[in-house]
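Structural overview
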Amino acid sequence: MLLAIDCGNTNTVFSIWDGESFLCTLRTSTEHQRTADQYYVWISTLLAHHRIPMDIDAVIISSTVPRVVFNLRVLADRYFNCRPLVVGKPECALPRQPRVDEGTQVGPDRLVNTAGAFDRYGGDLIVVDFGTATTFDVVAEDGAYVGGVIAPGVNLSLQALHEAAAALPHVDVTKPQQVIGTNTVACMQSGVFWGYVGLVRGICDRIKGEYARPMKIISTGGLAPLFQQGDTLFDHFDEFLTIHGLRIIHDHNQTLETT
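Reference entry: report on the structure contained in this document.

Conventions adopted
- Residues numbered from 1 in each chain as written.
- Predicted model: local features only at pLDDT ≥ 70, side-chain atom pairs only at ≥ 80, totals over all residues.
- Heavy atoms only, no water.
- Phe/Tyr/Trp six-rings, centres within 6.5 Å; stacked < 30°, edge-to-face > 60°.
- Helix = DSSP H or I, 4+ residues; strand = E, 2+ residues; numbered from the N terminus.
- Buried < 20%, exposed > 50% of the residue type's maximum accessible area, 1.4 Å probe, protein only.
- Pairing = 2+ DSSP bridges.
- Contact = heavy atoms within 4.5 Å.
- Axes fitted to C-alpha atoms, helices over the stretch in contact; angles between N-to-C directions.

**Considering the packing of aromatic side chains**
- For the structure on display, the rule yields 10 aromatic pairs.
- On the numbers, 5.1 Å between centres and 10° between planes, the contact of Phe 193 with Phe 227 is stacked. Linking Phe 193 in helix α5 (residues 184–211) with Phe 227 in helix α6 (residues 224–228), this pair joins segments that are 34 residues apart in sequence.
- Exposure remark for Phe 227: the relative accessible area of 0% places this residue in the buried category.
- Three or more aromatic residues joined by ring pairs make a cluster, and in this case those are Phe 130, Phe 193, Trp 194, Tyr 196, Phe 227 and Phe 234.

Below, the structure written as structure tokens:
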């Protein structure tokens, strides 16, 4: 079985693939101090709860937090007796190489999203990932990552607004009942929600104009479901796009090993 690990700045997701389907998906906060032993106790306890055997013999990791990778490597080596694939490292081959400026290091999360999206939806895509940052990944007709956009994440923007303006409270992200707020919280929620709807639409429209081809827009990430109800922004919402992309990259590497 394959353990696919998606480590982001805020949360880390672990998914178990048995060759036919993902048996479960587990989520924890990202902490670079967490040891391999702590990861194992947490994973083994939850898998026992789900009655899933610990028959893991392969691990693939995508991490935007480099300090976490070491302990995840130790986890794979010590408890699963395997050398993990780490997206972005030379030993991890990609189905398509990115076409970006020479010397540019593309984030592993963006490479994984590209692989997963191309496998499910074909090429000529914009993948919008609502994470700690809001990223826009452009996937070419042949499945290569060819660039994109990085904007501040929704929660990051709210946090900055709260910290920079002493009179403004911390609020949760939600879709307001109306655009015109009649109290401070409603005003902030409207500004963030409809502001990001406008941001996503504006950036996607500009990408489409520059790309000069019809494109589908795919959304993923923790806050993507909230913005699904905001307007007709996206053609598809894919909750497990990143995890799917990890499986695609793992399978690609397995194919290379057997040929």
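Having seen the structure, we can now continue with the description.
**Points about the sheet that holds strand β5 (residues 85–86)**
- Sheet architecture is open: five strands sit in the order β3-β2-β1-β4-β5, paired in mixed fashion. Here the strands that pair on one side only, and so sit at the sheet edges, are β3 (22–29) and β5.
- As defined by bridge partners, strand β2 (residues 11–17) adjoins β3 across seven bridges and the pair is classed as antiparallel. Looking across to β3, one finds that Phe 14 is bridged to Leu 26.
- Sheet strands in contact with helix α2 (residues 66–80) are β1 (2–7), β2, β4 (58–63) and β5, and its direction is about 175° off that of β4.
- Seen against the sheet, helix α7 (residues 241–258) touches β1, β2, β3, β4 and β5 and runs at an angle of roughly 130° to β1.

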